[in-house]
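# Close look at the chain arrangement
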Number of protein chains: 2
Amino acid sequence: MEITRPHPQEGTQSYASHTRVPHGDAGDIVPGHSPAACPAVTEVLSRVGDKWSMQVVMQLGYGSMRFNQLRREIDGISQRMLTRTLRGLERDGLVDRTVTPSVPPRVDYALTPLGQSLRGPVALLGDWAVANREAVAQARSEYDLREDG
Amino acid sequence: MEITRPHPQEGTQSYASHTRVPHGDAGDIVPGHSPAACPAVTEVLSRVGDKWSMQVVMQLGYGSMRFNQLRREIDGISQRMLTRTLRGLERDGLVDRTVTPSVPPRVDYALTPLGQSLRGPVALLGDWAVANREAVAQARSEYDLREDG
DNA sequence: CGGCATCCGAATGGATACTG
DNA sequence: CAGTATCCATTCGGATGCCG
């Protein structure tokens, strides 16, 4: 069966679908629940935020890979966590697992279209992280100084 | 006093700075470390991925808010976690905390410019989550059926 | 109002050993 | 090669109670 295929062309992209960027201070906002705060988003963010998932996704963005190839590439990940992470991604329909029953066995992992579609947003976040890590680090050390300095 | 009020205008945005989107299967990639896999990115993603941080950021995106106002708006967050989350965000330079020593005391939280700059990428991720939550949910139930069905 | 301190269960994640 | 199983330390996060 086919996974609902979103826009395969994701070049220039603007964020404006429904998460508007407002204006003044609070008080005129709808008290119900903003779309960015619903459980679905939280669930996705926890996937994105776990220690290894997005590193795996970004690696697989470069092409399909075998298990130990991923293991070597990702640096620091344990066998256990790579397995668990891949299972999670597979369960969520982001990664496709292909077993070739040979000796020794061969298992290839690749992004599904859904997984591919996640790369863009995550890459943006990665770019933000790279661009602002110094600012964050400085803010931290300043904060820590104010605390126990 | 005034809370540092950042650039309200941050329009169209494309992700392409250095995290390129490649092509074929692996083998011709630089084995060093891709920019999306470095510790800085992991650290940011863990911030983004924790249970409440981004909900707070998105809420504060609508304007500065007081503590219990945030507490009521975010639904489900405990006092302890709101405090901890806000401290973390403040430490990272994403949130600004302003105390007005009145009785009863008044504390306002607002996004710093750095925090504002994070809203775009996170909103994109939120949009992805909203757009694809059904696909993920379906993939999950299918996966779970294959396991114990 | 806006916290902090304490307790405790649950989840995360690393290390190691074993397996088809 | 690609896992599974077990153990264990750390962290996360909710509940409760007290404070200025």
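Locating Ser141(B) in the fold gives a position in helix α5 (residues 113-148). Separated by 30 residues in sequence, Ser141(B) and Leu111(B) have C-alpha atoms that sit 38 Å apart.

Once that is clear, we can look at the protein's contact with DNA strand C. Around DNA strand C, the structure places 18 residues, and the nearest of them are Lys51(A), Gln79(B), Thr83(B), Arg97(B) and Tyr109(B). Within 4 Å of the protein, the contacting atoms of DNA strand C are 60% sugar and phosphate, with bases supplying the remainder. Between DNA strand C and the protein, one listed contact pairs a base nitrogen with a side-chain N or O atom of Arg80(A) at 3.1 Å. Taken together, the elements giving at least two residues each to the surface near DNA strand C come down to α4 (79-91) of chain A together with α3 (67-74), α4 (79-91) and β3 (106-111) of chain B. Top element by residues in the surface near DNA strand C is α4(B). It accounts for 4 residues.

In this section: the protein's contact with DNA strand D. DNA strand D sits among 18 residues. The nearest are Gln79(A), Arg97(A), Tyr109(A), Lys51(B) and Met81(B). When the atoms of DNA strand D within 4 Å of the protein are grouped by moiety, sugar and phosphate amount to 59% of the total. The separation between a phosphate oxygen of DNA strand D and a polar main-chain atom of Asn68(A) is 2.9 Å. Elements with a minimum of two residues in the surface near DNA strand D: α3 (67-74), α4 and β3 (106-111) of chain A together with α4 of chain B. Examining the composition of the surface near DNA strand D, we find that 4 residues originate from one element, α4(A), more than from any other. Taken together, the residues that form the surface near DNA strand D break down as 8 nonpolar, 4 polar and 6 charged.

A regular strand places its side chains so that they alternate between the two faces of the sheet. Residues and elements named next belong to chain A. Sheet topology note: the strand β1 (residues 65-66)/β3 ladder contains 2 bridges and is antiparallel. When the sheet's bridge partners are listed, arginine 66 is paired in β3 with aspartate 108. Bridge analysis of strand β2 (residues 95-100) against β3 gives 6 bridges, and the strand direction is antiparallel. Bridge pairing in β3 places aspartate 96 opposite alanine 110. Where β2 hands over to β3, the hairpin turn is made up of 5 residues, counted between the paired strands.

A separate point is the sheet that holds strand β2 (residues 95-100) of chain B. Residue and element names in this part refer to chain B. Here 3 strands make up an open sheet; going across it, the order is β1-β3-β2 and the pairing antiparallel. Two strands in the sheet have a free side with no partner beyond their single neighbour: β1 (65-66) and β2. Along the sheet face, helix α2 (residues 53-61) touches β1, β2 and β3 and points at about 95° away from the line of β3.

Once that is clear, we can look at α2(B). Counting buried residues along α2(B), 9 of its 9 residues qualify, which places the element largely inside the surrounding structure. Turning to α2(B), its buried residues number three or more, namely Ser53(B), Met54(B), Gln55(B), Val56(B), Val57(B), Met58(B), Gln59(B), Leu60(B) and Gly61(B).

What counts, and at which threshold
- Residues numbered from 1 in each chain as written.
- Chains lettered and ligands numbered in written order.
- Predicted model: local features only at pLDDT ≥ 70, side-chain atom pairs only at ≥ 80, totals over all residues.
- Heavy atoms only, no water.
- Helix = DSSP H or I, 4+ residues; strand = E, 2+ residues; numbered from the N terminus.
- Near = heavy atom within 4 Å.
- Polar contact = N/O pair within 3.5 Å; in protein donor to acceptor, adjacent residues only side chain to side chain.
- Nonpolar A, V, L, I, M, F, W, Y, C, P; charged D, E, K, R; others polar.
- Pairing = 2+ DSSP bridges.
- Contact = heavy atoms within 4.5 Å.
- Axes fitted to C-alpha atoms, helices over the stretch in contact; angles between N-to-C directions.
- Buried < 20%, exposed > 50% of the residue type's maximum accessible area, 1.4 Å probe, protein only.

Bear in mind that shape data such as this cannot, by itself, settle questions of function.
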